[in-house]
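# Geometric and topological summary
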Amino acid sequence: MPKIATRDAYGEALAELGEEIKEIVVLDADLSKSTKTSVFAKKFPERFFNMGIAEQNLMGTAAGLATCGKIPFASTFAIFATGRAFEQVRNSICYPNLNVKIAATHAGITVGEDGATHQSIEDIALMRVMPNMTVISPADATETKMAVRAAAQIKGPVYLRLGRHPVETIFGEGYEFKPGKGVILREGKDVAIIATGVMVAEALKAAEMLEKDDIKAMVVNIHTIKPIDEEVILKAAECGAIVTAEEHSIIGGLGSAVAEVLSEKKPVPIKRIGIRDVFGMSGKPEELMKAYGLAAEDIAEAARTLRR
Amino acid sequence: MQVSKEKLEELTKAARKVRRSIIEMTAEAGSGHPGGSLSCADILVALYFHEMKVDPQNPDWPDRDRFVLSKGHAAPALYAVLAERGYFPKEELKTLRKINSILQGHPDMKKTPGVDMTTGSLGQGLSAANGMALAGKLDGKSYRVYVLLGDGELEEGQVWEAAMAAAHYKLDNLTAFVDHNGLQIDGPIVQVMSPEIIQEKFRAFGWHVIDVDGHDFEDILRAIEEAKSIKEKPTVIVAKTVKGKGVPFMENQVDWHGKAPSKEQAEEALKVL
């Protein structure tokens, strides 16, 4: 399967969807070529608003458009969408439950060479803490396209977490995507790996590695981090041990969300793979994944440790 | 534009009722922001009792004119005007800031009929108003968007991001008011962090600027008419106002920014209103 960045899939999906849903308008903050909203802009120039390098106003304007029945997709890099404009997202979008979609690209450390200032490793935590917000973190191009469509249909704010770096396409045409519903990609009984975003591919590789050690690992894709699928997590917990994997801080993201469910409903040993409370740095995406312990081997090792 | 004597009397009467409500409701709530509510009361009355195309029976009418209270702490003024205009029973005003009330401490569009945008965190209203104005242009609608900012609020950077965008997108269907009462919580705006010269800043950002006496209805209405005639750029009406206007012991007193009157003080205020 070809490697496609989820941002590219987003750009394509948005332009397609723009044809069907006339209420969709798109806003960007001088990054339309990077976030790929430029594809929509070219097709529907009158429904595209470049707001310049001003993310707070970007979110507020999107809110205003939503009060008039528009379905705004507001795009910029994840760090600016969720960090720079956090309080605008909270007070102008989430609190009044306005129908704004925040489609943020360049999430995680696979941003690569730009380094720590541009590597958003806190965005899931920031977005999932807010009432009314749906948080979706697609794993590949196929899932991204489905997620964009689903986001447009959800009534209320949605955060879509997208990446810059090309990733393997895991899912084919027949893949079924339901917001809020986790997907068991591989059955297993010894340990469960619950992953999101680019880490889903790594989780599948890790399961292959574990197979060689005769460890049967279940792999679950949690594309919707909020509302989280408790049912599938409790099912995974039947394996007796859980490894979570995300390209995000281990504080506040998928690992935390899963731990919250487990600790209240079915405590089992858990290990969180993610960025361990440090900032990123410049480097090639693959190098960074290794340097921060986010490779398939790291997931497999965590699973082995838990099993011991 | 000639405003009839009857109209002026009607507006003056409405403004008096609104001011009385502001005092009564903040006294009843035991908290709130009377000073900045009283300073912008006349502007809100001019908009809701004369200018704006709205239907209190159908608050979400898609073709209505919109109003965003960017200085959301002046919620008592907005609530009093909306109640006076028939959006909800005046009885509700007594529930301001109380648990389960439709009247939150700051405006909540999902709870209060007639509130077009949730505000309260300063600096965010103009952006939302821009979005409404852009939507209007996109849909070829003739509604107009009004937004009221505080002068202290102009210290927020987002206001100027939005000011830039409104001019860039030539939002001539948008009119902003600045309630220029000169005071913010910590003191006079020029001492805390001067946003002056307000008119020149907006002019430099590409806006049409009009100065008015924010307590003179003829002046306010004339400015609104002028704003409607300006094409290709947004208009800001900088309204010179008095914080605490109408209540002598509150006028120009910074202490009355965020403090409710006691029962006795409310009675004293109501005597002169």
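Residues numbered from 1 in each chain as written. Chains lettered and ligands numbered in written order. Predicted model: local features only at pLDDT ≥ 70, side-chain atom pairs only at ≥ 80, totals over all residues. Heavy atoms only, no water.

Put simply, the rule reads: UniProt positions are given in the numbering used here, feature names are shortened, and annotations may be inferred rather than shown by experiment.
As annotated in an unreviewed UniProt entry, chain B carries the name Transketolase subunit A and comes from Caldanaerovirga acetigignens. Under the heading Sequence similarities (unreviewed entry), UniProt records this for chain B: "Belongs to the transketolase family." The annotation that UniProt attaches to chain B under Cofactor (unreviewed entry) is "thiamine diphosphate".

Per an unreviewed UniProt entry, chain A goes by Transketolase and derives from Caldanaerovirga acetigignens. Under the UniProt heading Cofactor (unreviewed entry), the entry covering chain A gives this text: "thiamine diphosphate". Check the Sequence similarities (unreviewed entry) section of the UniProt entry for chain A; it says "Belongs to the transketolase family."

## Digging into the overall build of chain A
Our working definition: Helix numbering and strand numbering both begin at the N terminus, where a helix is a DSSP run of H or I of at least 4 residues and a strand a DSSP run of E of at least 2. To get the radius of gyration, use the C-alpha atoms; to get the globule rule, take the number of residues to the power 0.38 and multiply by 2.2 Å. For the exposure calls, accessible area comes from a 1.4 Å probe over protein chains only, and a residue counts as buried if that area is under 20% of its type's maximum, exposed if over 50%, partly exposed in between. Working rule for contacts: check all heavy atoms of both residues, and any pair within 4.5 Å makes them a contact. Accessible surface is estimated by sampling points in the Shrake-Rupley manner with a 1.4 Å probe; for residues, cover comes only from the protein chains shown.
When helices and strands are tallied, chain A shows 13 helices and 14 strands. Compactness check: chain A gives a C-alpha radius of gyration of 18 Å against a globular reference of 19 Å for 308 residues, within 12% of the reference. Principal-axis analysis of the C-alpha atoms gives chain A an extent of 60 × 40 × 35 Å. When burial is assessed residue by residue, chain A has 65% of its 308 residues classed as buried. For chain A, restricting intrachain contacts to residue pairs at least 6 apart in sequence, the fraction spanning at least 24 positions comes to 78%. Summing over all exposed atoms, chain A offers an accessible surface of approximately 11400 Å²; the carbon and sulfur share of this is 53%.

## Some points on the UniProt feature "domain: Transketolase-like pyrimidine-binding" (unreviewed entry) in chain A
Feature annotation in UniProt places "domain: Transketolase-like pyrimidine-binding" (unreviewed entry) on residues 4-169 of chain A, given in this structure's numbering. The straight-line gap between the two end C-alpha atoms of residues 4-169 of chain A is 7 Å; of that span, 44% is helix and 18% is strand.

## Quick notes on helix α8 (residues 217-229) of chain B
Residue and element names in this part refer to chain B. Rules: Given a helix with a known number of residues, its expected span is that number minus one, times 1.5 Å. Counting of polar contacts relies on pairs of N or O atoms within 3.5 Å, with two restrictions inside protein: one atom must be capable of donating a hydrogen and the other of accepting it, and residues adjacent in sequence are counted only when both atoms are side-chain atoms.
If you check α8, its first and last C-alpha atoms are 19 Å apart, about what 13 residues at 1.5 Å a residue would give, namely 18 Å. For α8, the set of buried residues is F217, D219, I220, L221, A223, I224 and A227. Of the surrounding secondary structure, the elements contacted by the buried residues of α8 are α1 (5-29), α2 (34-51), β2 (145-150), β3 (174-180), β6 (208-213) and β7 (235-240). Two to three positions downstream of the cap, the backbone nitrogen of E218 sits 3.0 Å from a side-chain oxygen, assigning the N-cap of α8 to D216.

## Side note on the domain arrangement of chain A
Residue and element names in this part refer to chain A. The cut-off we apply is this: Note that domain bounds follow an automatic or database assignment of domains. The term buried area denotes the loss of accessible surface (1.4 Å probe radius) that occurs when two parts are joined, taken as the sum for both partners. In the sections that follow, a salt bridge refers to a side-chain nitrogen of Lys or Arg positioned within 4 Å of a carboxyl oxygen of Asp or Glu.
Parsing chain A into structural domains produces domain 1 (6-161) and domain 2 (183-307). Between the C-alpha centres of domain 1 and domain 2 there is a distance of 26 Å. Listed per partner, the contact involves 27 residues of domain 1 and 35 residues of domain 2. Buried surface at the junction of domain 1 and domain 2, summed over both partners, amounts to about 2200 Å²; 55% is from carbon and sulfur atoms. For the domain 1 face of the interface with domain 2, the top three residues by lost area are I109, I121 and R128, together amounting to 32%. At the boundary of domain 1 and domain 2, one finds one salt bridge. In this structure, R128 engages E260 in a salt bridge whose closest nitrogen and oxygen atoms are separated by 2.7 Å. On the surface where domain 1 and domain 2 come into contact, there are 21 residue pairs in polar contact (both at pLDDT 80 or more).

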